Every structure is written in structure tokens, then in C-alpha cells.
Amino acid sequence: MDRDADSRTTDLAGLLTPEERETLRVALDAGYFEVPRAATLVDVADALDRSEVEVSARLRRGMGRVLEGTDVLDAPVAVPDGAPDRSLDRIFDALRHPYRRRILLLVSEHNPRGEDEFGVEDLATEDDDLELLTAELYHRHLPKLAESGYIEWDEDERTIRRGPKFDEIAPLLRLMHDHRDELPNGWP
């Protein structure tokens, strides 16, 4: 093992409690993380002589700590020749929810856009609960769009503007706008 790998292993070891490390090791060795699974939660719990609830909690906490304590989710993903480009998945994920579609269409019309220029009521349908929609907007939809790079959202300034990856989604937004009469109900 090279020196960098040794140092990464040491750094990661401090993230987990001994119980979490043992649970993850037993689960990995038993095939719990394989697809399809070679071992169930019951199998791992039996091997550790622990309850399923305790083992499940250790697995979730341990995986959460590893994911939070490393940059594995932030590392750039290399797309090998012939492998699918996941940007289309990211685009469709952003467009999956009607509120996000409406936010993106509103932002595409004007840039920068103050949040006050369009209110929650502009995103709502008559069946929506405005209080719930407001919470979802600030805690789910705006952060998701900002994380994907399609918008830049400044909570303090209350502005939303096109993000660095907006050009990636803009052609689909134009298509949606130009063909809005042909889209299913609920679109945009």
C-alpha cells in the first residue's frame, strides 16, 4: 500500500466507532452490500449476535459518517469512453418536480431574479398548501437546484440567478416553453 493510501486509511479509521467499523466489516464480508445481496440484515445481525435494529442503526450511522467525512461524493466522476454521461440523469432529476420546472422557467426568463419577483403563489396550483410549498421551496427545491449548478441561490440577498450549469438545461427549458401546449397536465 502506498503512503497516501496509508494516510487516507488512518484518517478514515477515526471516523467510525469500533462497533460501526465491526458492523460494516461483517456486512461487507458477508455480502450485504453486493447486488444482489448475498446476506440480509438478519444474517449480519446473527453474525454479530445483535438485534436487527441495532445493526441497521450501526450500518446507517457508519455509512453516514464515512460519506460525510470523505470527499467521495464531491469527487469528479470520470466518464470512461462508451459509458453513459450522467448529466442527462441530473437534468431529468431537476425537471422531475413541477416546482423546480417552474423555478427554472422563471429564472430562464430573467437573470438575475430576486425571489420577491416571483412569489410562492406563482409556483402553486389551487390545490397546494402555501405554507408547505414555502417550506419545500426553501428546504428542498432551491437547494437541490443550487446543488446541481442550475441556479445560484443567495439566501441573504434573496436572489436566484442562473448557475454555472444553466446552459446544460436551457435547451430543454426552451423546448418546454415552446411546446407547452403539447405537454401533459402539470407541466411546466
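Look up: the structure comes first, before these words.
Conventions adopted
Residues numbered from 1 in each chain as written. Predicted model: local features only at pLDDT ≥ 70, side-chain atom pairs only at ≥ 80, totals over all residues. Heavy atoms only, no water. Helix = DSSP H or I, 4+ residues; strand = E, 2+ residues; numbered from the N terminus. Buried < 20%, exposed > 50% of the residue type's maximum accessible area, 1.4 Å probe, protein only. Contact = heavy atoms within 4.5 Å. Patch = residues over 30% accessible without salt bridge, like charges linked within 9 Å, V, L, I, M, F, W, Y side chains within 5 Å. Areas by Shrake-Rupley, 256 points an atom, 1.4 Å probe, with all protein chains shown as cover. Salt bridge = Lys/Arg side-chain N within 4 Å of Asp/Glu carboxyl O. Pairing = 2+ DSSP bridges. Phe/Tyr/Trp six-rings, centres within 6.5 Å; stacked < 30°, edge-to-face > 60°. Lys NZ or Arg CZ within 6 Å of the ring centre and 35° of its normal.

## Digging into the overall build of the protein
Then, in step 1: Looking only at helices and strands, the protein features nine helices and three strands.
Then, in step 2: Put simply, the protein has 188 residues, and 30% of those count as buried.
Then, in step 3: For the protein, restricting intrachain contacts to residue pairs at least 6 apart in sequence, the fraction spanning at least 24 positions comes to 53%.

## Regarding a nonpolar patch on the surface
Then, in step 1: A cluster of nonpolar side chains, Leu-28, Phe-33, Met-63 and Leu-67, forms an exposed patch at the surface whose accessible area comes to about 330 Å².
Then, in step 2: Along the chain, the position of Phe-33 falls in the loop between α2 (18-30) and α3 (41-48).

## A closer look at the pairing of strand β2 (residues 151-154)
Then, in step 1: The alternating pattern of β2 places Ile-151 and Trp-153 on a buried face and Glu-152 and Asp-154 on a face that is not buried.
Then, in step 2: Connecting β2 to the antiparallel partner strand β3 (residues 159-162) that follows it, the hairpin turn spans four residues, and Arg-158 within it adopts a positive phi of roughly 60 degrees.

## Notes on the packing of aromatic side chains
Then, in step 1: Within the structure shown, the criterion is met by two aromatic pairs.
Then, in step 2: For the pair Tyr-32 and Phe-33, a centre-to-centre distance of 5.2 Å together with 85 degrees between the ring planes defines the contact as edge-to-face.
Then, in step 3: Exposure remark for Tyr-32: the relative accessible area of 12% places this residue in the buried category.
Then, in step 4: Both rings, one in Tyr-138 and one in Trp-153, keep their centres 6.2 Å apart while their planes meet at 50 degrees; by these two values the pair is tilted. Of the two residues, Tyr-138 is situated in helix α8 (residues 130-148) and Trp-153 in strand β2; the sequence distance between them amounts to 15 residues.
Then, in step 5: Looking at Arg-37, its charged tip hangs above the ring of Tyr-32, at a distance of 4.0 Å from the centre.

## Remarks on the pattern of salt bridges
Opposite charge on two side chains allows them to pair when their charged atoms are near.
Then, in step 1: Throughout the structure, instances matching the rule amount to nine salt bridges.
Then, in step 2: The partner of Glu-168 in a salt bridge is Arg-90, and the shortest N-O contact between them spans 3.1 Å. Of this pair, Glu-168 sits in helix α9 (residues 166-178) while Arg-90 is found in helix α5 (residues 87-95), placing the two residues 78 residues apart along the sequence.
Then, in step 3: Residue Glu-168 is classed as partly exposed on the basis of its relative accessible area, which comes to 29%.

Everything listed here is a matter of geometry and, on its own, says nothing about what the molecule does.
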